[in-house]
Amino acid sequence: MALVVEDGTAKSNSESYASVADADTYFAARRGDTTWAAASTANKEKALRNATDYIEEKYNARFIGRKATKDQALAFPRSYIESYDGYAINSDEIPEKLKRATMELALRALSEDLLPDLANPGEIKSETNEIGDLKQSITYLAGKGNIKAYRSATMLLREYLMGETFERS
C-alpha cells in the first residue's frame, strides 16, 4: 500500500509527514551513511510510518496550537503556531523541521523499534491537592514508563512544543 503523506490539507488518512522521495533527497545531501539508500522502498515507507507514529505518541500532547481540523489523522497541520523568529506557520503547512525530524527518526526505525514494549512500565500514581473547597486530582505514570527520547528529533521539534523541550536520559 502506498504511503499517504500529509501535505497540509489535513488528510483523514495520512500516515507520514515526509515522503520516500523527500527522505532520499535529504539523506543523499546530508549523510555519508548508505543505510537509507540500501533499504527497499517498502522498508522506507514502513520506517516513515513508524517515525510518524513515534512523533504522534511522544510529542502530540505537547504541540503548541491545535489541529487544523478535527478529522485529520495527524497532529499537523496546526493552527496558532508561531516560529522562533516570530513568523506564523500557516494552518495548511507542514513545517520543514517536522519533516526533518520524521526523516531522522525513520533512519533509526530501519534498525530499531522506536516504540518498544516496556519491560517495566512504571506504576500508575494518583495525587489529590486541596486548597479550601477546591480539589484537583491527577493520575500519571511514574517511573520508567517514558518513551525513549531521541535528541535530534526533540531539537528539531522544540519550537513547536510547549514547556520543557530538552530531555535528559
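About the criteria used
- All residue numbers refer to position in the chain's written sequence, counted from 1.
- Where local features are concerned, this predicted model is filtered to residues with pLDDT of at least 70; where side-chain atom pairs are given and counted, the filter is 80 or more; whole-chain, interface and lining totals use all residues.
- Working from all heavy atoms in the structure, the side-chain values ignore hydrogens and water.
- Buried residues of nine kinds, namely Ala, Val, Leu, Ile, Met, Phe, Trp, Tyr and Cys, make up a nonpolar core once their side-chain atoms join them within 4.5 Å.
- The cut-offs for exposure are 20% and 50% of the maximum accessible area for each residue type, with area from a 1.4 Å probe on protein chains only; residues under the lower value are buried, those over the upper are exposed, and the others partly exposed.
- Numbering of helices and strands runs from the N terminus, with a helix taken as a DSSP run of H or I at least four residues long and a strand as a DSSP run of E at least two residues long.
- Whether two residues are in contact is decided by their heavy atoms, any of which lying within 4.5 Å being enough.
- What pLDDT expresses is the predictor's confidence in each residue, scored from 0 to 100.
- For helices, the fitted line uses only the C-alpha atoms of the stretch in contact; every axis is such a line through C-alpha atoms, and the angle between N-to-C directions lies from 0 to 180 degrees.
- Here a crossing is called left-handed whenever its near helix is offset anticlockwise from the far helix by less than a right angle, and right-handed whenever the offset is clockwise.
- For this scheme, ten residues count as nonpolar: Ala, Val, Leu, Ile, Met, Phe, Trp, Tyr, Cys and Pro. Four count as charged, namely Asp, Glu, Lys and Arg, and the remainder, Gly too, count as polar.
- In what follows, roughly perpendicular refers to angles from 65 to 115 degrees, roughly parallel to angles under 35, roughly antiparallel to angles over 145, and oblique to any angle outside these ranges.
- Here a polar contact is taken to be a pair of N or O atoms separated by no more than 3.5 Å, where protein atoms must pair a possible hydrogen donor with a possible acceptor and residues adjacent in sequence count only if both atoms sit in side chains.
- Pairing of aromatic side chains here covers Phe, Tyr and the six-membered ring of Trp, requires ring centres within 6.5 Å, and sorts the geometry by plane angle: under 30 degrees stacked, over 60 edge-to-face, intermediate tilted.
- Salt bridge criterion: a side-chain nitrogen from Lys or Arg within 4 Å of a carboxyl oxygen from Asp or Glu.

Asks: Before we move on, can you summarise the nonpolar core with the specific residues and values?
Replies: Grouped together as the largest cluster of nonpolar side chains are 36 residues, with contacts concentrated most on Ile55 and Phe76. Only helix 1 (20–30), helix 3 (41–59), helix 4 (96–109) and helix 5 (151–157) provide two or more residues apiece to this core. The element contributing the most residues to this core is helix 4, with seven residues. Beyond its immediate sequence surroundings of up to four residues, Phe76 is in contact with Glu6, Tyr17, Phe63, Ile81, Ile94, Pro95, Leu98 and Tyr160.

Asks: Tell me about unusual backbone geometry, and name the residues and values.
Replies: Here the residue pair Phe76 and Pro77 is connected by a cis peptide bond, since its omega of 10° sits within 30 degrees of zero. Positive phi values are uncommon outside glycine, yet Ala10 reaches one of about 60°. Structurally, Ala10 can be placed in the segment before helix 1. Not every positive phi belongs to a glycine, and Tyr80 is a case in point at roughly 70°.

Asks: Report on the confidence of the model for the chain, specifying residues and quantitative values.
Replies: Low-pLDDT portions of the prediction should not be read for the details of their coordinates. The predicted model of the chain has a mean per-residue pLDDT of 86, with 87% of residues at 70 or higher. The low-confidence segment residues 164–169 (pLDDT under 50) makes twelve contacts with residues lying over four places distant or belonging to another chain.

Asks: Provide a residue-level description of the packing of helix 3 against helix 4, including the pertinent values.
Replies: Between helix 3 and helix 4, the least distance of the axes is 8 Å, while the angle of their chain directions is 120°. Crossing hand, helix 3 versus helix 4: right-handed. Contact residues: helix 3 offers Ala47, Leu48, Asn50, Ala51, Thr52, Tyr54 and Ile55, while helix 4 offers Leu98, Ala101, Thr102, Met103, Leu105, Ala106 and Ala109. Residues that form the contact of helix 3 with helix 4 fall into these classes: eleven nonpolar, three polar and no charged.

Asks: Describe the packing of helix 1 against helix 4, and please don't skip the residues or the numbers.
Replies: Their axes nearest at 10 Å, the elements helix 1 and helix 4 cross at an angle of 80°. Put simply, helix 1 runs roughly perpendicular to helix 4. Residues Asp22, Ala23, Tyr26 and Phe27 of helix 1 form the contact with helix 4, whose own contacting residues are Arg100, Met103, Glu104 and Leu107.

Asks: So what's going on with the side chain of Ser16? Residues and values would help.
Replies: Along the chain, the position of Ser16 falls in the segment before helix 1. Of the polar contacts made by the side chain of Ser16, one reaches the backbone oxygen of Ala18; its length is 2.7 Å.

Asks: Can you break down the packing of aromatic side chains residue by residue, with the values?
Replies: Per the stated rule, a full pass over the model turns up seven aromatic pairs. Aromatic pair Tyr17 and Phe76: ring centres 6.2 Å apart, planes at 85°, arrangement edge-to-face. Separated by 59 residues along the polypeptide, Tyr17 in the segment before helix 1 and Phe76 in the loop between strand 1 (66–67) and strand 2 (78–79) bring together distant segments of the chain. Of the two residues examined, Tyr17 and Phe76, each falls in the buried class.

Asks: Can you explain the pattern of salt bridges? Please cite residues and give values.
Replies: All chains considered together, the criterion is met by six salt bridges. One salt bridge in this structure joins Asp7 and Lys11, with 3.8 Å as the shortest N-O distance. Among the ionic pairs, Lys44 bridges to Asp24, the shortest N-O distance being 2.8 Å. Here the residue Lys44 occupies a position in helix 3, and Asp24 occupies one in helix 1, the gap between them amounting to 20 residues. The class for Lys44 is buried, based on a relative accessible area of 6%. Overlapping salt bridges bring together Arg108, Glu112 and Lys148 as one network.

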